[in-house]
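# An overview of the molecular structure
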Amino acid sequence: MFFTFMLPVLLIAMFGSMFSQSVGTVSLPVQDLDGGPAAHAFLDALNRTGAVSIQLVPATEDFSAYIKDHSLALALQIPAGFSDSVAQSVSNANASLAQVILFGDPSRSTYQMAQGATNGAVEMMNFQLAGARPVLGMQVETLPGTKGHSYMDFFLPGVIGMTVMSVSLYGMTEICSSYRNKGYFKLLATTTIRKYEWLTTKFVVYSAMLIGSLLVTYVIGVLAFGMSVSLTPLTFVFILAGCFLFISMGMLLGTVIKDSETGMAITNAIGFPMMFLAGSFFPIESFPGFLQGVASFMPLTYLNNGLRDTMVYGNTGAALVDLAVVLLAVLILALASSRLMSWKEA
Amino acid sequence: MTTAWRYDDIRAVDDISFTVEAGQVFSLLGHNGAGKTTTVEILEGLRNSTSGSARILGVEVSNGYSKIRQKVGILPQDFEPFENLKPWEAVEYWGALFGLKLTKAQCSELLRSVDLSHRENLLAKHLSGGEKRKLGIALAMVNRPEVLFLDEPTTGLDPKARRDLWNLIGELKRRGTTIFLTTHYLDEAEVLSDHICIMNHGKIVAEGSPKQIIQQFGRSATVTLIGAGQKGLEEMLRQGADATLLNEDVVVCAPDPAQIEGWFSGLSKAGVCVKDMSIRRDTLEDVFLSLIAKGKGVV
């Protein structure tokens, strides 16, 4: 029933919302190190494109550090002396072009919009100042501290997060349902093994499987597709935390829902939307606002974000924030499932 | 054990009390829904009683079961083996769950004791229903328990396998194992048990050794006078016996077997020729059915 009716409805609702609506404006942090009239005119032109929403970054900030700390996928810098360069370029056709610098991750769907808007503002100013003769241009840079990313770099942590979710959640829900239906829990209750020991063995087995899967995926990604992602210690912490999180969620679902078929249908109804909405395959910022709101309540969102922060952007601070959210979800779900699950009454 | 268990407004087990002596084979009998499994699950620590107490090996089950878990073996009524394990692997795994490290030879020996050696390398999902029960019994014995709960152990077994299991239970009893048996087979209970409790609607309606129960609750002996005919019937009715004619035989209910000798004397004087005679006493099954049908009072 789930795959016949609910899944297609869910998919059409999700992808319909994602692709049939205008994304709106792209948030673009801008640092103006010049502060002169040409810089103001450029920002005004940029604003008038309607494609970006400018967020000014104080000139006192170390821009590279700011981009890294905030895990920015896009940022624009107007260098010091920009207005002087524009003035020289207007008066002297042989002078070098004044440049604005766009930092970005081309793997993100928002990059193209920001690049187009910046280019539009540049052309608008060229037209106004020198009758379309180029007086200023756009310099494109990769994000500081990165070698420039492809979509595959963005994709790999999402695949890993999705694998952690699907293996642990579906596996544990199925185990809990079948163990209860076949009376295995009652059997186990008659032995000397404790519930926490059993759960620990499941956690160890799933963790080992997922780390193995991570290593295989990583090696294939790097060797076959030249991905430039890093396997940091935090990556493994995320795998373990995510595994425990979704094992607890599966245990909770398998415990609360007594009928195994209903249990799997509800697990699908939770797992599939989470797989797509939590940013495993597409950037969350490309979703309409209400779907972004839904994604913010999904634990996989924080697992995916954390994995990208540590593997792709090297932003440990942001990754630790995501890890804290994942661990909070682990705590809540583990407590709920361990309190509700009884081998005796299973 | 003195206990009760209720759900909603139904008392599944209603203030029952009994004691099982060490080394006994104790059978709990009753029709479906009589409260047997609820009682057994309370004793196995799988269910908490609403009131009262249940003690095994001197330990209160509700809060101290972990202390005796190592000494108890259990075959649940609805036992299903882990289907992707071979029997010897299941025994090894089950041993590990009790902290035992069994060798392959020890696993094989245990399987041999339940006549499952020939299937020890077959995945459990391919075993027949009876073989699965045998595997369950092997698992229940893996920790060499002092107390063994067997909840309907012979359900699904063929006659030979049943007899083999009876022998195994006898062997375990000889080793000093206390066996708590629930079964629907009254002949099994009669043959194996030292002590029996019969439950009906959550209460114990009869308790004692099989012989005691038959004597206490059995109706009478049924005497068939073969070939006694109409004349024999008339003579028995004249003597005040409860008699009926069945073809040429007279079937007489004898509340007191001592009456039979007097009947024969009367039949002889009346010139009734009796070709042969058979006496059938009530079995445990007759008593059980009678108790359940009449809904006898609590013992």
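Residues numbered from 1 in each chain as written. Chains lettered and ligands numbered in written order. Predicted model: local features only at pLDDT ≥ 70, side-chain atom pairs only at ≥ 80, totals over all residues.

Looking now at the overall build of chain A. Each helix and strand counted, chain A has 13 helices and five strands in total. In chain A, which comprises 346 residues, the proportion classed as buried is 38%. (Helix = DSSP H or I, 4+ residues; strand = E, 2+ residues; numbered from the N terminus. Buried ≥ 20, exposed ≤ 12 C-beta atoms within 10 Å, placed from the backbone.)

Right, let's get into the overall build of chain B. Helix and strand content of chain B: 11 helices and 15 strands. A burial count over chain B gives 40% of its 299 residues as buried. In chain B, 67% of the contacts between residues at least 6 apart in sequence involve partners at least 24 apart. (Contact = placed C-beta atoms within 7 Å.)

In this section: the interface of chain A and chain B. If you look at the interface, chain A gives 10 residues, while chain B gives 13 residues. The residue makeup of the side of chain A that touches chain B, split by class, is three nonpolar, four polar and three charged. (Nonpolar A, V, L, I, M, F, W, Y, C, P; charged D, E, K, R; others polar.)

Right, let's get into the sheet that holds strand S13 (residues 242–246) of chain B. Residues and elements named next belong to chain B. Across the sheet, four strands lie side by side as S13-S14-S12-S15; this open sheet has antiparallel pairing. Among the strands making up the open sheet, the edge pair consists of S13 and strand S15 (276–281). Neighbouring strand axes in the sheet, compared pairwise and without regard to direction, differ in orientation by 20 degrees on average. Pairing of strand S12 (residues 221–226) with S15 involves six bridges; the strand directions are antiparallel. For Ile 226, the partnering residue across the bridge sits in S15 and is Asp 276. Across the sheet, helix H9 (residues 229–238) touches S12, S13 and strand S14 (249–254), and the angle it forms with S13 is around 170 degrees. (Pairing = 2+ DSSP bridges. Axes fitted to C-alpha atoms, helices over the stretch in contact; angles between N-to-C directions.)

Ranked by internal contacts, the top residues of the largest apolar core, which has 60 residues, are Val91(B), Ala138(B), Ile179(B) and Ile198(B). Tallying contributions element by element places helix H5 (residues 129–140) of chain B first for this core, with five residues. Setting aside residues up to four positions removed in sequence, Ala138(B) forms contacts with Val91(B), Leu110(B), Leu111(B), Val114(B) and Leu116(B). Among the nonpolar cores identified, the runner-up in size contains 46 residues, and Met227(A), Ala319(A), Val330(A) and Leu333(A) belong to it. (Core = buried A, V, L, I, M, F, W, Y, C linked by C-beta atoms within 7 Å.)

Once that is clear, we can look at H9(B). Residues and elements named next belong to chain B. Burial in H9 covers these residues: Gly 232, Leu 233, Glu 235 and Met 236. Buried residues of H9 fall within an arc of 165 degrees about the axis and therefore sit on the same side. Turned more than 90 degrees away from the buried face of H9 sit Gln 230 and Arg 238, all of them exposed. Buried residues belonging to H9 abut S12, S13, S14 and helix H10 (259–269). Positioned one or two residues after H9, Gly 240 has a phi angle of 85 degrees, which is positive. (Arc of directions from axis to C-beta.)

A few words now on the environment of Val250(B). Positionally, Val250(B) belongs in strand S14. Among residues more than four places away in sequence, those in contact with Val250(B) are Leu225(B), Ala228(B), Gly232(B), Leu233(B), Met236(B), Ala243(B) and Leu245(B).

All right, on to the pairing of strand S7 (residues 72–75) of chain B then. All names here are of chain B. The side-chain alternation of S7 yields two buried faces, one formed by Val 72 and Ile 74 and the other by Gly 73 and Leu 75. Where S7 lies against strand S8 (residues 147–151), four bridges are found, and the strand directions are parallel. Within the sheet, the bridge partner assigned to Val 72 lies in S8 and is Val 147.

Residues and elements named next belong to chain B. The strand order across the open sheet built from six strands is S7-S8-S9-S3-S10-S11, with neighbouring strands paired in mixed fashion. Each edge of the open sheet carries a strand with a single partner, namely S7 and strand S11 (203–208). Across the sheet, the axes of successive neighbouring strands diverge by a mean angle of 15 degrees, strand direction being ignored. Relative to strand S9 (residues 178–182), S8 is paired through five bridges, and the arrangement is parallel. Residue pairing in the sheet places Val 147 in a bridge with Thr 178 of S9. Those strands touched by helix H8 (residues 210–217) are strand S10 (195–200) and S11, and its axis lies near 110 degrees from that of S11.

On to the packing of helix H9 (residues 233–256) of chain A against helix H12 (residues 299–311) of chain A. All names here are of chain A. Where H9 contacts H12, the axes come no closer than 9 Å and their chain directions differ by 170 degrees. Taken together, the axis directions place H9 and H12 in an arrangement best described as roughly antiparallel. Residues Leu 234, Thr 235, Phe 238, Gly 242 and Leu 245 of H9 lie in contact with H12, whose contacting residues are Pro 299, Leu 303, Gly 306, Leu 307, Thr 310 and Met 311. Classifying every residue of the contact of H9 with H12 by side-chain character gives seven nonpolar, four polar and no charged. (Parallel < 35°, antiparallel > 145°, perpendicular 65-115°, else oblique.)

A separate point is the environment of Asn32(B). Summarising the element assignment, Asn32(B) is placed in the loop between strand S3 (25–30) and helix H1 (36–43). Judged by local crowding, Asn32(B) falls into the exposed class, with 7 C-beta atoms found within 10 Å.

As a further point, take helix H4 (residues 104–113) of chain B. Residues and elements named next belong to chain B. Three or more residues of H4 are buried, namely Cys 107, Leu 110 and Leu 111. For H4, the angular spread of buried residues about the axis comes to 100 degrees, placing them on one side. Elements that come into contact with the buried residues of H4 comprise helix H3 (87–97) and H5. Residue Asp 115 follows H4 closely and has a positive phi angle near 60 degrees.

Our next topic: the confidence of the model for chain B. Residue and element names in this part refer to chain B. In the predicted model, chain B carries a mean pLDDT of 83, and the fraction of residues at 70 or more is 93%. Per-element averaging of pLDDT across chain B places strand S1 (residues 2–7) at the bottom with 49 and H3 at the top with 93. Ignoring residues within four places in sequence, the model shows residues 5–10, a span with pLDDT below 50, making 11 contacts including any to other chains. Overall fold confidence for the complex sits at a pTM of 0.68, while the interface term, ipTM, reaches 0.71. (pLDDT = per-residue confidence, 0-100.)

A few words on the pairing of S12(B). Sheet topology note: the S12(B)/S14(B) ladder contains five bridges and is antiparallel. By the bridge assignment for S14(B), Ala221(B) is matched with Ala254(B).

Next up on the list: the environment of Val204(A). Residues and elements named next belong to chain A. Inspection of the secondary structure assignment puts Val 204 in helix H8 (residues 195–225). Judged by the 11 C-beta atoms lying within 10 Å of it, Val 204 is exposed. A C-alpha to C-alpha distance of 9.0 Å links Val 204 and Leu 240, two positions 36 residues apart in sequence.

Let us look at the packing of H3(B) against H4(B). Two numbers describe a pair of packed helices, the interaxial angle and the distance between the axes. All names here are of chain B. Two numbers describe how H3 lies on H4: the axes approach to 9 Å, and their chain directions differ by 110 degrees. Relative to H4, the element H3 is oriented roughly perpendicular. Residue-level contacts link Pro 87, Trp 88, Val 91 and Glu 92 of H3 to Lys 104, Cys 107, Ser 108, Leu 110 and Leu 111 of H4. Partitioned by chemical class, the residues of the contact of H3 with H4 number six nonpolar, one polar and two charged.

Here the focus is unusual backbone geometry. Residue and element names in this part refer to chain B. In the Ramachandran plot, Glu 152 falls in the positive-phi region, its phi being about 55 degrees despite a non-glycine side chain. Within the secondary structure layout, Glu 152 lies in the loop between S8 and helix H6 (159–174). A residue is classified by how many C-beta atoms lie within 10 Å of it, and Glu 152, with 21 of them, is buried. For Asn 247, which is not a glycine, the phi torsion comes out positive at approximately 55 degrees.

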